[in-house]
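Here are the chains, one letter per residue:
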Amino acid sequence: SPLQVCQRCTRTTPFTLALFSLGTGRRIQYVISKGGSEALLQALISAARTEPPDHSILLPLLRLLARVGQRDRKFGLKVQKAEATDVILSLTRQNLGHHLNLTHCLWVLRVCASNVTAGTTLGINGAMELLFKVITPYSKRHIRTVRAAIEALAALLKSKSNSRRAVNRGYLGGLLRLYQDWHQNDISNNYIYIRRGLLLCLKHITNIQLGRETFLGSRGMEILFTSVQDCLSCKNLDPIVTTVTQILRKCYPKEPLPVVSVRSSYSFPLPGNVKTEPPCVGFEDDYESDGEEEVEKDLDKGDDYDLETDVNKLRSRPVLDRPEEELGQYEAMCLELFHNFQSEEDKSLEDRTENLPSTPSHFIPSDNSVKHPNYRWRNQSITEAGPDPGEKNFKVPLQTWTKKEKCRRDIIDEERDGIETVQNTGSCEKENPAKSHVFTLRPLPKEDAWYKKIFNPECEASTDPSSGERLETSDIVTNLLEEHQENIPFHNPHFYVARAKCIKSIPAYKDLAFPDFWGHQPLPCGKPVLERQYGVQRDKILDDVRRLIQPCDVIGRTVYDLDEPSPGTPGCLTFFSKFESGNLRKAIQVREFEYDLIMNADVNSNQHHQWFYFEVRDMKLAVPYRFNIINCEKFNSQFNYGMQLVMYSVKEALLGRPHWLRAGHDICYYKNHYRCSAAAGGGMRGKYYYTLTFSIKFPHKDDVCYLAYHYPYTYSTMMAHLDSQEQNRNPKKVYWRKQTLCQTLGGNPCPLLTITAMPESKKSDDLEQFHNRPYVFLMARVHPGESNASWVMKGTLEFLVSSDPIADLLRKCFIFKIVPMLNPDGVINGNHRCSLSGDDLNRQWLKPNSQLHPTIYHTKGLLYYLRSIGRAPLVFCDYHGHSQKKNVFLYGCSIKETLWQAGCTVDTAVITEDVGYRTLPKILDKVAPAFVMNSCSFLVEKSRESTARVVVWQEMGVLRSYTMESTYCGCSHGLYKVKLLGRMKNRKGLQLGTQELEEMGSKFCLALLILHLKSLPCSKKVMDQAALLLDLDEEITDRAQRSVMLPSGFVIKDFSVAEMPL
């Protein structure tokens, strides 16, 4: 046997050992499993004690030990246990003058040092001093021996104690000099492995703080930066360039962010006791990843240790978190259950449907309602009051956009909704005059010739671009509105301005961002995922290092500061972000065409930096401007995998191309040298920051452009969108009710929508069918920075109120309760994740606070009410955005799948579960091009126990409780990927635009209809309509051949409901 061969190896011929050393990896693993490593070590000890040593036995034995040691993970421990470290070191010393023998000893020394404990022992016993004698001074003689010694030294230096010993003995400076010698003399690049080995030694030494400090003091940054410039043009030298880049990034002196405080520039006084700031999550600073880029991971599917394995916690537990008598207040939000459409004041069915947008004069829940539950009935009535007929088609006067004057659109919203509450803070006309201010559209581009081109000559005299006139007296705005083509569905600048002037923000916004005012029109086709340029990340990192090495060309001038506003600086870009959803805290000009940007933290917080949205102007034409957002927090981003930011050009919009476009090149995302200390961050440990860098060539000189993380969708945009939908729906078919769920912490109304089909007649059967329709509960934008969720919701809403026959059938099947924006305050104030309380609202569902989290508290209360009357929703879905995965997918909840994934034994006789939670995602996988079933997860993690999805599943007993995640980036699977491969030869797929996101919202509606047909009993009339519309008798065509449904077309005769999986 192999073991017997090992035990007799001291008596075996060299030929036999040579044959054994040629064994396969499988044979070596077998030898290890049978104790071969221990036997070989004992054989080595015995052979080394032979006088004189028999090198014909020792050399094959050392060679075999090196091979076995590479495969044996416990080899270092076995060496220590056999007390063979001294033997190996003794053999190495004895053979310093015999390079062939020495090389074999060094191979074994390297594998021994792979174990940190064994390496530390070797270091204590003088191994490093021995190795330095071998590798110094520089010489090209005995290259094989030098290489083996450098590799062994690199292995030894993985031990931090060895690294400290090397620094204390001055080896770091010697390594730098030796690296310089090899770099300068290796003109033909024949010794790349030796140069990289020396760099690995430096990399391991600089893993400790003392090593980094000594490296900086030895001018290591300058030496490596200068040397790597010669390597950038040769792809064969990538291993050297990558290692140098890692060392330089790690050793770059750490600095705090150049801001007065890492806390948000905005603060909001909270009711009750002020909460402490949550800990600032961070990592230890003593290790750097080996890779140039982090590996793309599915971060949202938690590790197995995070899975909930307590069956009692996974089971449904329908318990109330509030007194039951409080639920009565939510009856006023479900009037469709009591409406009999027989009221005498309603003259006809048409009259009644015209009045549906209004809501009864009911109490809006607030924190006061908890203390005074009876107050909710004082002014409540289920009789519908119609709006003032004169207010239906209003126009906002262009000359009177001031908050102190009457807000007509607000009257339509607030008086129609009949808000009767002690905290009536939503009415514009009741605004405190002392706080009133002028509302202004941001100034347009400053170029006389351009104005002449856009406006007619009669206006030229009154359109001095430098006049800086306010909006209410500017002829330019009048011309703008006359020029507006009004060809953007559901967008009206008048509606938007009226809504925008009524919002309540912490900065008291005075300016309107042009894209939100003018509107966005989707492009007819999407843009493919960006092909990443080779080496872009290392080039950007080296540019950052150049600032330290060559500071003379760094300007370092602050050109925009939210904390300390100052007049504009000539000769550079002009920035601005103080408008709704805007987020840019500071801009620093680094070089002529390069700027460092800092995002603002969420209100009352010191973290959550991801969302940005700002204006930039005064640019030059055809010049690549580089922007570095230097305080990102997530350790990886889709910006590393083809995602681009979005840009909106005012000049392009006024030329008839009002588009948010994917823009930017040389995009990458990497860890930088900025740190947040534990003291500054308010947590136990500090944290890293990351840089998002991108370059942009602006399309016009002196344009006004807006840059954003993703397609913006503001609160005012949503409210104006709802106004337009209400105005454009067919009231004879669409039952539409817009109410106010509650007032937010910041005093903004949170709308609640009810959408279904009008009853076909006053007959009792039709009214009974109307009242008994199952509920679907949808909501979005609990995280303000996830604007893609709002675009998906927009697609859902537009489909639901459309005249499409599928939508009409869907309305007859369900009553939709929709909260289109759960976190209005966060959206308005440019937050990424939190509300004004500084809390992530999607982690407050277990025990929401009525004062701090009113939208969550009352949404949960409404769901409690529906469950209490036996009308829990059939489907609950919370729309989100995902920053680290591609495609669109669902997260659901399953007891069995969670336990199986965690490795628990599942007794199917005890634990039963309806698998109907998988039906909807399977349908979506068939009908929605952007949706991927394989990305879905139905695991319940402990860290998600307070999210809407899990709480609604557990406490409300809703089987189909989902979070729908939409990517910020694009598609890596599915129909869009297939089509792009055929048309554009792009292997990475399509970046999702607003059209594709809206399409996803409409496809979700289609899937709900199919779910109803497959899961619930339906009348013969509904089934006949469905058969006519959905081609029940046709087979499903291949996904790659099916037409893609766009929001404007609604092409849906491309699948068979009969084939849909359960």
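Computed from a predicted model, the values in this text were never measured in an experiment.

**Overview of the overall build of the protein chain**
Of regular secondary structure, the protein chain possesses 40 helices and 22 strands. Carbon and sulfur atoms form 51% of the exposed surface of the protein chain, whose accessible area is close to 41200 Å².

**So, the packing of aromatic side chains**
Taken as a whole, this structure holds 36 aromatic pairs when the rule is applied. Relative to Tyr-191, the ring of Trp-182 lies with its centre 5.6 Å away and its plane at 65°, an arrangement referred to as edge-to-face. Every member of this aromatic cluster is reached through a ring pair, and the members are Phe-575, Phe-593, Tyr-595, Phe-612, Phe-614, Tyr-625, Phe-627, Phe-639, Phe-694, Phe-698, Tyr-709 and Tyr-968. One residue, Lys-235, lies across the ring of Tyr-534, its end atom 4.7 Å from the ring centre. Above the face of the Tyr-857 ring, Arg-322 is positioned so that its terminal group lies 3.8 Å from the ring centre.

**A few points about helix H9 (residues 116-124)**
A turn of α-helix holds 3.6 residues, and therefore any two residues three or four places apart point the same way. For H9, the set of buried residues is Ala-118, Gly-119, Leu-122 and Gly-123. One side of H9 holds all its buried residues, which, seen down the axis, span an arc of 140°. In this structure, the buried side of H9 is in contact with helix H6 (75-81), helix H7 (85-94), helix H8 (99-113), helix H10 (127-135), helix H11 (143-156) and helix H12 (160-168). Measuring from the side-chain oxygen of the N-cap residue of H9 to the backbone nitrogen of Thr-117 gives 3.0 Å; that N-cap residue is Asn-115.

**Some points on helix H14 (residues 192-205)**
With 14 residues, H14 extends 20 Å between its outermost C-alpha atoms, agreeing within 8% with the 20 Å of an ideal straight helix rising 1.5 Å per residue. Most of H14 is tucked away, with 11 of its 14 residues classed as buried. Of the surrounding secondary structure, the elements contacted by the buried residues of H14 are H11, H12, helix H13 (171-185), helix H15 (209-217), helix H16 (220-228) and helix H17 (238-251).

**Describing the sheet that holds strand S18 (residues 815-819)**
A sheet is described by the order of its strands in space; here seven strands give the open sequence S15-S16-S18-S17-S19-S21-S20, paired in mixed fashion. For this open sheet the edge positions go to strand S15 (734-743) and strand S20 (888-891), each flanked by a neighbour on one side alone. Strand-to-strand twist in this sheet, taken as the mean axis angle between neighbours without regard to direction, amounts to 20°. The pairing of strand S17 (residues 775-780) with S18 spans five bridges and is classified as parallel. Directly across from Met-779, in S18, lies its bridge partner Val-819. Packing of helix H31 (residues 787-800) onto the sheet brings it into contact with strand S16 (749-757), S17, S18, strand S19 (875-882) and strand S21 (960-967), and relative to S19 it is tilted by some 140°.

**Concerning the side chain of Arg-871**
Relative to the helices and strands, Arg-871 resides in the loop between helix H34 (854-868) and S19. Buried charge Arg-871 goes without a salt bridge, the closest partner of opposite sign being Glu-336 at 7.3 Å. Beyond its immediate stretch of four places on either side in the chain, Arg-871 contacts Leu-337, His-771, Asn-772, Arg-773, Pro-774, Tyr-775, Ile-815 and Leu-866.

**Focus: the pairing of strand S12 (residues 665-676)**
Summarising burial for S12: 10 of the 12 residues are buried, a large majority. Two elements, S12 and strand S13 (residues 687-697), share seven bridges in a ladder whose sense is antiparallel. Counterpart to Arg-675 in the pairing with S13 is Tyr-688.

**A few points about unusual backbone geometry**
At the junction of Glu-51 and Pro-52, the peptide bond is cis and its omega measures out at -10° in the coordinates. Residue placement: Pro-52 occurs in the loop between helix H4 (36-48) and helix H5 (55-71). Backbone torsion omega between Thr-136 and Pro-137 reads -10°, so that peptide bond is classified as cis. Although it is not a glycine, Asp-666 sits at a positive phi angle of roughly 50°. Structurally, the position occupied by Asp-666 is in strand S12. Looking at Asp-666, the relative accessible area reads 22%, which means it is partly exposed. Here Asp-702, not a glycine, exhibits a phi torsion of approximately 50°, which is positive. Note that Asp-702 resides in the loop between S13 and strand S14 (704-708).

**Some words on the pattern of salt bridges**
Enumeration over the complete set of coordinates arrives at 38 salt bridges. Here Lys-812 ties to Asp-808 by a salt bridge, and the two come within 3.4 Å at their closest N and O atoms. With Lys-812 and Asp-808 both in helix H32 (residues 805-813) and four residues apart, the pair spans about one turn of that helix. Overall, Lys-812 belongs to the buried group, its relative accessible area being 15%. Linked through salt bridges whose partners overlap, the residues forming this network are Asp-543, Asp-544, Arg-546, Arg-547, Asp-553, Arg-591, Glu-594, Asp-596 and Arg-626.

**Section: the UniProt feature "active site" (unreviewed entry) in the protein chain**
Annotation from UniProt places "active site" (unreviewed entry) at Glu-965. Within the element layout of this structure, Glu-965 appears in strand S21.

**A closer look at the pairing of strand S8 (residues 613-617)**
For S8, the tally of buried residues reaches five of five residues, placing the bulk of the element in the interior. The alternating pattern of S8 places Tyr-613, Glu-615 and Arg-617 on one face and Phe-614 and Val-616 on the opposite face, and all of these are buried. Sheet topology places strand S5 (residues 574-576) next to S8; three bridges connect them, and they run antiparallel. Each bridged residue has a counterpart across the sheet, and for Thr-574 the counterpart in S8 is Arg-617. Across five bridges, S8 lies against S14 in antiparallel orientation.

**Things to note about the nonpolar core**
Ranked by internal contacts, the top residues of the largest apolar core, which has 146 residues, are Phe-514, Phe-575, Phe-627, Tyr-706, Phe-816, Tyr-879 and Phe-1004. Top contributing element to this core by residue count: helix H39 (residues 994-1015), with 11 residues. Contact partners of Phe-514, with chain neighbours within four places excluded, come to Leu-441, Leu-444, Leu-480, Gly-519, Tyr-648, Val-650, Ala-653, Leu-654 and Tyr-706. With 88 residues, the next largest nonpolar core counts Ile-45, Leu-153, Tyr-252 and Ile-549 among its residues.

**Digging into the environment of Ser-605**
As for its placement among the helices and strands, Ser-605 is situated in the loop between strand S7 (594-598) and S8. Residues Ser-605 and Ser-265, 340 residues apart in the sequence, show an inter-C-alpha distance of 9.5 Å.

**Side note on the sheet that holds S12**
Taking strand neighbours across the sheet as the criterion, the six strands line up as S4-S6-S7-S9-S13-S12 in an open arrangement whose pairing is mixed. Because the sheet does not close on itself, it has two edges, and the strands there are strand S4 (557-561) and S12. Here the average twist between neighbouring strands, direction ignored, is 25°. Pairing between strand S6 (residues 586-591) and S7: five bridges, direction antiparallel.

**Things to note about the packing of H15 against H17**
Running from N to C, H15 and H17 cross one another at 100°; their axes reach a closest spacing of 10 Å. It follows that H15 is roughly perpendicular to H17 by the angle criterion. Together, Arg-212, Phe-215 and Leu-216 of H15 and Ile-247, Lys-250 and Cys-251 of H17 make up the contact between the two elements. Its residues assigned to classes, the contact of H15 with H17 comprises four nonpolar, no polar and two charged.

**What to know about the packing of H39 against helix H40 (residues 1020-1030)**
For the pair H39 and H40, the least separation of the axes is 11 Å and the interaxial angle reads 135°. The pairing of H39 with H40 is recorded here as oblique in orientation. Crossing handedness for the pair H39 and H40: left-handed. Listed contacts from H40 to Leu-1006, Leu-1009 and Leu-1013 of H39 are Val-1022, Met-1023, Ala-1026 and Leu-1030. Here the contact of H39 with H40 is built from residues that sort into seven nonpolar, no polar and no charged.

**Description of the side chain of Asp-723**
Along the polypeptide, Asp-723 turns up in helix H29 (residues 715-728). Since its relative accessible area comes to 1%, Asp-723 is described here as buried. Looking at Asp-723, its side chain comes within polar contact range of the side chain of Arg-499, at 2.8 Å.

**Some thoughts on the environment of Pro-53**
For Pro-53, the position within the fold is in the loop between H4 and H5. Taking the C-alpha atoms as reference, Pro-53 lies 9.7 Å from Leu-91; in sequence the two are 38 residues apart.

Each value, and the rule that gives it
- Residues numbered from 1 in each chain as written.
- Predicted model: local features only at pLDDT ≥ 70, side-chain atom pairs only at ≥ 80, totals over all residues.
- Heavy atoms only, no water.
- Helix = DSSP H or I, 4+ residues; strand = E, 2+ residues; numbered from the N terminus.
- Areas by Shrake-Rupley, 256 points an atom, 1.4 Å probe, with all protein chains shown as cover.
- Phe/Tyr/Trp six-rings, centres within 6.5 Å; stacked < 30°, edge-to-face > 60°.
- Lys NZ or Arg CZ within 6 Å of the ring centre and 35° of its normal.
- Buried < 20%, exposed > 50% of the residue type's maximum accessible area, 1.4 Å probe, protein only.
- Arc of directions from axis to C-beta.
- Contact = heavy atoms within 4.5 Å.
- Polar contact = N/O pair within 3.5 Å; in protein donor to acceptor, adjacent residues only side chain to side chain.
- Expected span 1.5 Å × (residues − 1).
- Pairing = 2+ DSSP bridges.
- Axes fitted to C-alpha atoms, helices over the stretch in contact; angles between N-to-C directions.
- Lys, Arg positive; Asp, Glu negative; His and termini not counted.
- Salt bridge = Lys/Arg side-chain N within 4 Å of Asp/Glu carboxyl O.
- UniProt positions renumbered as here; feature names shortened; annotations may be inferred.
- Core = buried A, V, L, I, M, F, W, Y, C linked by side-chain atoms within 4.5 Å.
- Parallel < 35°, antiparallel > 145°, perpendicular 65-115°, else oblique.
- Nonpolar A, V, L, I, M, F, W, Y, C, P; charged D, E, K, R; others polar.
- Left-handed = near helix turned anticlockwise from the far one by under 90°.

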